[in-house]
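# Observations on the model geometry
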Amino acid sequence: MSDAGTPPHAARPADLLVRGARLVATVDDDRRELAGGWVAITDGAVSGVGPPGSEPEAVDLLDATDCLVTPGLVNTHHHLYQNLTRALPPATGQKLFDWLTTLYPIWALLDEEAAHVSAWVGMAELALGGCTTTSDHLYVHPDGGGDLIAAEVAAAVDLGVRFHATRGSMSLSRKDGGLPPDSVVQEPDEILADSERLVGRFHDVDPLAMVRVALAPCSPFSVTQQLMVDTAELAERLDVRLHTHIAEDLDEDDFCLERFGCRPIEYLEQVGWGSDRTWVAHCVQPNEAEVERLGAWGTGVAHCPSSNMVLGVGIAPVTGFLAAGVPVGLGCDGSASADSASLWTEARNAMLLAKLRGGADAFDARRALELATRGGADCLGRRGEIGQLSVGAAGDLVVWGLDGPAHAGALADPVEALLRCGPNAARHTVVAGRVVVRDGRLTHPGLDEQLAAHRAVATRWQSTLLG
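Not measured: the values here are computed from a predicted model.

What counts, and where the lines are drawn
- Residues numbered from 1 in each chain as written.
- Predicted model: local features only at pLDDT ≥ 70, side-chain atom pairs only at ≥ 80, totals over all residues.
- Heavy atoms only, no water.
- Helix = DSSP H or I, 4+ residues; strand = E, 2+ residues; numbered from the N terminus.
- Rg over C-alpha atoms; globule rule 2.2 N^0.38 Å.
- Buried < 20%, exposed > 50% of the residue type's maximum accessible area, 1.4 Å probe, protein only.
- Contact = heavy atoms within 4.5 Å.
- Lys, Arg positive; Asp, Glu negative; His and termini not counted.
- Charge placed at Lys NZ, Arg CZ, Asp CG, Glu CD.
- Phe/Tyr/Trp six-rings, centres within 6.5 Å; stacked < 30°, edge-to-face > 60°.
- Salt bridge = Lys/Arg side-chain N within 4 Å of Asp/Glu carboxyl O.

Okay, the overall build of the chain next. In terms of regular secondary structure, the chain is built from 14 helices and 19 strands. For a compact globule of 467 residues, the expected C-alpha radius of gyration is about 23 Å, and the chain comes in at 21 Å, within 12% of that figure. Each of the three principal axes of the chain carries a C-alpha extent, and together these read 70 × 50 × 45 Å. Among the 467 residues that make up the chain, the fraction classed as buried is 60%. Residue pairs in contact within the chain that sit at least 24 positions apart in sequence constitute 76% of those at least 6 positions apart. The averaged location of the 63 negative side-chain charges in the chain is 3 Å from the averaged location of its 35 positive side-chain charges.

Here's what the structure looks like:
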């Protein structure tokens, strides 16, 4: 074994070697940080990590001189289709419920073309910002829209990004006491049947899987109580994860108290979701007892700091979650509320909001990096598979440049420099050993074509609202 705990090199060269880093922050179980370190990837998995002077032979090389190398970032909550309605004036400056009701009618236009191009462009943006694994919560399935999840998966496969699709749903329309209009809700039997179909078609249980599927009824105010119960039972039978929005806004508290006679976290338990199979989005408003309950269940939280700020819903108790043993990852949320798909931005905002809530010493860059990597892996049920640089884990990493005016003078601590000195984009992004972003540019040649298609769809959509 080498000093870094890496097995001796096999005769076969590695597929890719990233070498010469100012620092490799492995975020592994021992939180090793290797000055001048290197990472080797073979057959899509990390095959070695070590200090300078012990590098293996490799087929392809990435120079990380004056750079920080970290695990690939993990996005645990997103609505990719919403990048078609970015910064749309009628929806800006609104509270959550008003914002949703303004945009539901335009989202009812979603079809396979729109789902594919929004996913492709959104995942490209994420990859350029160092994200190697993203989930997506697609809960709008208009009648006649086609196979929207399949369209998203096709985009992920084309780009080479690791993808966790979640089959979202809405079944409680406005006429039945919910928030969404009839145009974007479905019958429960249709939702459950399609959920099972998608798991059978796309869910891969391999530790290095590129595509997995979870089940994701949207929220307490858009699905029935029975659908939540039935979905939990289906997820148990299929052995897949569960995802939903919960405790996002004080209006949601009022809704749950009026409709179910309890607060959102208690409602989650009543419908059978209080388990380590579940991760929830936002969770801004739980009280201390509810935080402890989430920790006891092992239920994860996708913290979405930028979206929470844009919508003015509050500051999630992240340090309290971590103290209670709650797995916490980061999420960009929908572009129509956050308007930016940058896990770097989410990590920085998570750090700053935790300091704002708990004091200057409440959080630092290393804790924020853990949320963006290991914490995201825990939320997605992939501890040890993604979110760390250790032998056998997925070969997903980011090379971050620490040069130029933005980092002048930031010499002492590359990890703190990453989140304190930006804005920052990835120099190189690697997924499963494949270079997806090289020198700050996508390696896929289709970006311009996809942007043109995206603009055409967005123009058509927005004209229905703006005239």
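Glancing now at the packing of aromatic side chains. Across all of its chains, the model carries eight aromatic pairs by this definition. Relative to Trp107, the ring of Tyr81 has its centre 5.4 Å away and its plane inclined at 90 degrees; by these criteria the two rings are edge-to-face. On the criterion of sequence distance, the pair formed by Tyr81 in the loop between β8 (73-75) and α1 (96-107) and Trp107 in helix α1 is long-range, its members being 26 residues apart. Their ring planes at 55 degrees and their centres at 4.6 Å tell us that Phe97 and Phe221 sit as a pair that is tilted. Of the two residues, Phe97 is situated in helix α1 and Phe221 in the loop between β11 (211-217) and α5 (225-238); the sequence distance between them amounts to 124 residues.

Counted by the stated rule, this structure contains 30 salt bridges. Between Asp28 and Arg32 there is a salt bridge whose closest N-O contact spans 2.7 Å. In this structure, Asp28 and Arg32 share a single accessibility class: buried. Between Arg86 and Glu125 there is a salt bridge; the shortest N-O distance is 2.5 Å. One end of the pair, Arg86, is in the loop between β8 and α1; the other, Glu125, is in helix α2 (residues 112-128), and 39 residues separate them in sequence.

Let's shift gears to the environment of Val153. Position of Val153 among the secondary structure elements: in helix α3 (residues 148-159). The class for Val153 is buried, based on a relative accessible area of 5%. The spatial distance from the C-alpha of Val153 to the C-alpha of Glu346 is 24 Å, given a sequence separation of 193 residues. Once residues within four sequence positions are removed from consideration, Val153 is found in contact with Phe163, Phe202 and Val211.

The values reported here are purely geometric and, on their own, carry no functional implication.
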